[in-house]
Amino acid sequence: YIPDPGLVFLTKGTRVFVIIGIRYFQLVFIKSQYFNILNTRLQMEKRMDIADAFAQYREMQARHSRTNEPILERYVGDPDFGRVPEKPVFVEGMAEASRYMHCLRDGNGNRLEFFRRSPAMQVPGIAGPVDCYLILKTTGFWIFKKSTVVDAIFVSEYSPRTIWLPPQGYSLI
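Since the model is a prediction, treat every value here as computed from it, not as a measurement.

### Structural notes on the side chain of Thr162
Logical step 1: Assignment of secondary structure puts Thr162 in the loop between β7 (146-156) and β8 (171-172).
Logical step 2: Thr162 gets classed as buried once you look at its relative accessible area, which sits at 12%.
Logical step 3: A polar contact of 3.1 Å, which involves the side chain of Thr162, links it to the backbone nitrogen of Glu92.
Logical step 4: Side-chain polar atoms of Thr162 contact the side chain of Glu96, separated by 2.9 Å.
Logical step 5: When residues no more than four places from it in sequence are discounted, the contact partners of Thr162 are Phe90, Val91, Glu92 and Glu96.

See below:
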């Protein structure tokens, strides 16, 4: 069977469109505009989901911050401060956690390489999850790099203010 040259079959998924003659280009253009509108709507909905999630995070951060207020500086002089999940460094939100870790230096003043281990953990006596940042020592260069974990710093981002004090053996710039 050879279809009539005036008919064009256009398939998209399970739908088959039969387009006659010159109308083909107009309909394809309308169809592509429809998919662009649909794609834009999906992107807007995704942004709304992200905005809603961020609003929920801010609300949770404010609620947990009030709960953690009495214990903010309880462990500052302790040798385990920031080194065990039960005695984390308290910072005010995600941005401050990142800033704190980027300002943290080793005992010699060298910049640290680190990454956040996920998922965050729940610790009894501390409101909100506690994040673990693994401190790495890197040897070699370029493609021959080898990283080994040398320490861990525990940070809670649910605090009304940041405690700008380093764990023992570290410094802040």
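### Focus: the pattern of salt bridges
Logical step 1: Going through the model one piece at a time under the given rule, you end up with six salt bridges.
Logical step 2: Of the charged contacts, one joins Arg63 and Glu59 as a salt bridge, the two residues approaching to 2.8 Å between their closest N and O atoms. Residue Arg63 and its partner Glu59 are located together in helix α1 (residues 23-68), separated by four residues, close to a single helical turn.
Logical step 3: The exposure class assigned to Arg63 is partly exposed, which follows from its relative accessible area of 35%.
Logical step 4: A salt bridge links Asp78 to Lys87; the shortest N-O distance between them is 2.7 Å.

### Considering the confidence of the model for the chain
For any part of a model where pLDDT is low, the fine detail of the predicted coordinates should not be relied upon.
Logical step 1: When pLDDT is averaged along the chain, the result is 77; 72% of the residues meet or exceed 70.
Logical step 2: Contacts for the low-pLDDT stretch residues 1-33, under 50 throughout, to residues beyond four places or in other chains number 27 contacts.

### Some details on a nonpolar patch on the surface
Logical step 1: There is a patch of nonpolar side chains on the surface, built from Phe141, Trp142, Ile143 and Phe144 and spanning about 590 Å² of accessible area.
Logical step 2: With respect to the helices and strands, the residue Phe141 is situated in the loop between β6 (130-139) and β7.

### With respect to the sheet that holds β7
Logical step 1: With mixed pairing, four strands are arranged side by side in an open sheet as β3-β7-β6-β5. Both outer strands of the open sheet, β3 (89-90) and β5 (113-121), are each paired with one neighbouring strand and no more.
Logical step 2: Here β6 runs beside β7; their pairing, made up of nine bridges, is antiparallel. Across the sheet, Tyr133 pairs through a bridge with Ile153, a residue of β7.

### Some points on the packing of aromatic side chains
Logical step 1: For the structure on display, the rule yields four aromatic pairs.
Logical step 2: A ring pair is formed by Tyr100 and Trp164, whose centres lie 5.7 Å apart and whose planes are at 40°; its orientation type is tilted. Of the two residues, Tyr100 is situated in helix α2 (residues 94-103) and Trp164 in the loop between β7 and β8; the sequence distance between them amounts to 64 residues.
Logical step 3: With a relative accessible area of 38%, Trp164 lands in the partly exposed category.
Logical step 4: On the basis of an interplanar angle of 75° and a centroid distance of 5.9 Å, the ring pair of Phe114 and Tyr133 is categorised as edge-to-face. With Phe114 in strand β5 and Tyr133 in strand β6, this residue pair connects regions lying 19 residues apart in the sequence.

Scoring rules and cut-offs
- Residues numbered from 1 in each chain as written.
- Predicted model: local features only at pLDDT ≥ 70, side-chain atom pairs only at ≥ 80, totals over all residues.
- Heavy atoms only, no water.
- Helix = DSSP H or I, 4+ residues; strand = E, 2+ residues; numbered from the N terminus.
- Buried < 20%, exposed > 50% of the residue type's maximum accessible area, 1.4 Å probe, protein only.
- Polar contact = N/O pair within 3.5 Å; in protein donor to acceptor, adjacent residues only side chain to side chain.
- Contact = heavy atoms within 4.5 Å.
- Salt bridge = Lys/Arg side-chain N within 4 Å of Asp/Glu carboxyl O.
- pLDDT = per-residue confidence, 0-100.
- Patch = residues over 30% accessible without salt bridge, like charges linked within 9 Å, V, L, I, M, F, W, Y side chains within 5 Å.
- Areas by Shrake-Rupley, 256 points an atom, 1.4 Å probe, with all protein chains shown as cover.
- Pairing = 2+ DSSP bridges.
- Phe/Tyr/Trp six-rings, centres within 6.5 Å; stacked < 30°, edge-to-face > 60°.

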